[in-house]
Amino acid sequence: MKYKVIKTAIGVVVLAIALYVYPIGMLALTDTQVTKSLFADEYYVKTTAGENDFNVFREYMRSKGWKENEDKRMGGLYVFEKNGDTKEIINTQVKTIFVDGKLNF
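On a predicted model such as this, the values are computed, not experimentally measured, just so you know.

Q: Hey, could you run me through the environment of valine 21 in this one?
A: Relative to the helices and strands, valine 21 resides in helix α1 (residues 2-29). Residue valine 21 is classed as partly exposed on the basis of its relative accessible area of 41%. Distance from valine 21 to valine 94, taken between C-alpha atoms, is 16 Å for residues 73 residues apart in sequence.

Q: It is not clear to me how the sheet that holds strand β7 (residues 102-103) should be interpreted in this structure. Could you clarify?
A: Picture the strands of a sheet paired through backbone hydrogen bonds; they go either parallel or antiparallel. Sheet architecture is open: four strands sit in the order β1-β2-β6-β7, paired in mixed fashion. Looking at strand neighbours, the two that pair on one side only are β1 (34-36) and β7, the edges of this open sheet. Sheet topology note: the strand β6 (residues 94-99)/β7 ladder contains two bridges and is antiparallel. Opposite valine 99, over in β7, you have lysine 102 as the bridge partner. Running at roughly 110 degrees to strand β2 (residues 43-47), helix α2 (residues 53-63) makes contact with β1, β2 and β6 of the sheet.

Q: Mind showing me how you'd approach the environment of glycine 101 here?
A: With respect to the element layout, glycine 101 can be found in the loop between β6 and β7. Taking the relative accessible area as the measure of exposure, glycine 101 reaches 60% and is therefore exposed.

Q: Looking at this structure, I do not really get the pattern of salt bridges. What am I missing?
A: When charged atoms on two side chains of opposite charge get close, those side chains can pair. Counted according to the given criterion, the structure contains five salt bridges. Glutamate 59 is the salt-bridge partner of arginine 62, the closest N and O atoms lying 2.7 Å from each other. Of this pair, arginine 62 and glutamate 59 both sit in helix α2, three residues apart, which is roughly one turn of the helix. Its relative accessible area of 45% is what places glutamate 59 among the partly exposed residues.

Basis of the calculations
- Residues numbered from 1 in each chain as written.
- Predicted model: local features only at pLDDT ≥ 70, side-chain atom pairs only at ≥ 80, totals over all residues.
- Heavy atoms only, no water.
- Helix = DSSP H or I, 4+ residues; strand = E, 2+ residues; numbered from the N terminus.
- Buried < 20%, exposed > 50% of the residue type's maximum accessible area, 1.4 Å probe, protein only.
- Pairing = 2+ DSSP bridges.
- Contact = heavy atoms within 4.5 Å.
- Axes fitted to C-alpha atoms, helices over the stretch in contact; angles between N-to-C directions.
- Salt bridge = Lys/Arg side-chain N within 4 Å of Asp/Glu carboxyl O.

Here you go:
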(Lines give C-alpha, C1' and ligand atoms only; values in the text may rest on other atoms or scores of the structure.)
Protein backbone atom coordinates (compact mmCIF):
# COMPACT_ATOMS: atom_id res chain seq x y z
CA MET A 1 0.00 0.00 0.00
CA LYS A 2 2.78 2.43 0.92
CA TYR A 3 4.59 1.68 -2.36
CA LYS A 4 1.41 2.40 -4.35
CA VAL A 5 0.96 5.81 -2.66
CA ILE A 6 4.59 6.76 -3.33
CA LYS A 7 4.32 5.62 -6.96
CA THR A 8 1.12 7.66 -7.42
CA ALA A 9 2.70 10.73 -5.82
CA ILE A 10 5.74 10.48 -8.08
CA GLY A 11 3.45 10.13 -11.10
CA VAL A 12 1.53 13.27 -10.11
CA VAL A 13 4.75 15.25 -9.63
CA VAL A 14 6.14 14.12 -13.00
CA LEU A 15 2.85 15.01 -14.72
CA ALA A 16 2.79 18.46 -13.07
CA ILE A 17 6.36 19.15 -14.17
CA ALA A 18 5.57 18.01 -17.72
CA LEU A 19 2.50 20.25 -17.91
CA TYR A 20 4.46 23.18 -16.49
CA VAL A 21 7.28 22.94 -19.05
CA TYR A 22 4.97 22.13 -21.99
CA PRO A 23 4.47 25.82 -22.99
CA ILE A 24 8.22 26.43 -22.79
CA GLY A 25 8.78 23.42 -25.04
CA MET A 26 6.29 24.86 -27.51
CA LEU A 27 8.42 27.98 -27.81
CA ALA A 28 11.67 26.05 -28.03
CA LEU A 29 10.59 23.43 -30.54
CA THR A 30 8.15 25.30 -32.81
CA ASP A 31 7.84 28.60 -34.67
CA THR A 32 5.32 29.78 -32.09
CA GLN A 33 6.24 33.15 -30.57
CA VAL A 34 3.60 33.23 -27.81
CA THR A 35 2.05 30.48 -25.74
CA LYS A 36 -0.16 30.46 -22.65
CA SER A 37 0.61 28.75 -19.38
CA LEU A 38 -1.58 25.74 -18.69
CA PHE A 39 -1.95 26.57 -14.99
CA ALA A 40 -1.97 30.36 -14.69
CA ASP A 41 -3.07 33.35 -16.71
CA GLU A 42 0.49 33.98 -17.93
CA TYR A 43 1.91 34.11 -21.41
CA TYR A 44 5.39 33.10 -22.46
CA VAL A 45 7.06 34.92 -25.34
CA LYS A 46 9.97 34.24 -27.68
CA THR A 47 11.62 37.38 -29.10
CA THR A 48 14.58 38.42 -31.15
CA ALA A 49 17.06 41.06 -30.02
CA GLY A 50 15.47 44.49 -29.98
CA GLU A 51 11.87 43.23 -29.89
CA ASN A 52 9.63 44.22 -27.03
CA ASP A 53 7.92 41.21 -25.46
CA PHE A 54 4.60 43.00 -25.02
CA ASN A 55 4.59 44.14 -28.65
CA VAL A 56 5.06 40.51 -29.72
CA PHE A 57 2.18 39.57 -27.40
CA ARG A 58 0.04 42.42 -28.76
CA GLU A 59 0.53 41.14 -32.34
CA TYR A 60 -0.36 37.63 -31.16
CA MET A 61 -3.63 38.90 -29.67
CA ARG A 62 -4.44 40.80 -32.88
CA SER A 63 -3.82 37.64 -34.92
CA LYS A 64 -6.39 35.86 -32.71
CA GLY A 65 -9.00 38.56 -33.43
CA TRP A 66 -8.64 40.56 -30.20
CA LYS A 67 -8.60 44.36 -30.42
CA GLU A 68 -6.81 46.48 -27.87
CA ASN A 69 -9.02 49.07 -26.18
CA GLU A 70 -6.57 51.86 -25.42
CA ASP A 71 -9.29 53.96 -23.75
CA LYS A 72 -9.43 51.44 -20.87
CA ARG A 73 -5.67 51.12 -20.50
CA MET A 74 -4.32 52.02 -17.06
CA GLY A 75 -0.56 51.88 -16.42
CA GLY A 76 0.54 48.28 -16.98
CA LEU A 77 -3.03 47.03 -17.55
CA TYR A 78 -3.98 46.34 -21.16
CA VAL A 79 -7.56 45.59 -22.19
CA PHE A 80 -8.39 43.45 -25.22
CA GLU A 81 -11.90 42.89 -26.57
CA LYS A 82 -13.37 40.31 -28.93
CA ASN A 83 -17.03 39.46 -29.63
CA GLY A 84 -18.19 41.24 -26.46
CA ASP A 85 -15.62 39.47 -24.28
CA THR A 86 -12.97 41.42 -22.40
CA LYS A 87 -9.52 40.16 -21.43
CA GLU A 88 -7.38 42.21 -19.09
CA ILE A 89 -3.66 41.54 -19.20
CA ILE A 90 -1.09 43.09 -16.89
CA ASN A 91 2.29 43.49 -18.55
CA THR A 92 3.88 41.30 -15.84
CA GLN A 93 1.75 38.39 -17.10
CA VAL A 94 3.88 38.33 -20.26
CA LYS A 95 7.25 36.67 -19.67
CA THR A 96 10.14 36.52 -22.14
CA ILE A 97 11.55 33.01 -22.10
CA PHE A 98 13.79 33.03 -25.19
CA VAL A 99 15.72 35.85 -26.87
CA ASP A 100 17.34 34.93 -30.18
CA GLY A 101 16.79 31.26 -29.41
CA LYS A 102 18.62 31.42 -26.06
CA LEU A 103 17.08 31.15 -22.62
CA ASN A 104 16.46 34.56 -21.08
CA PHE A 105 18.05 34.42 -17.63
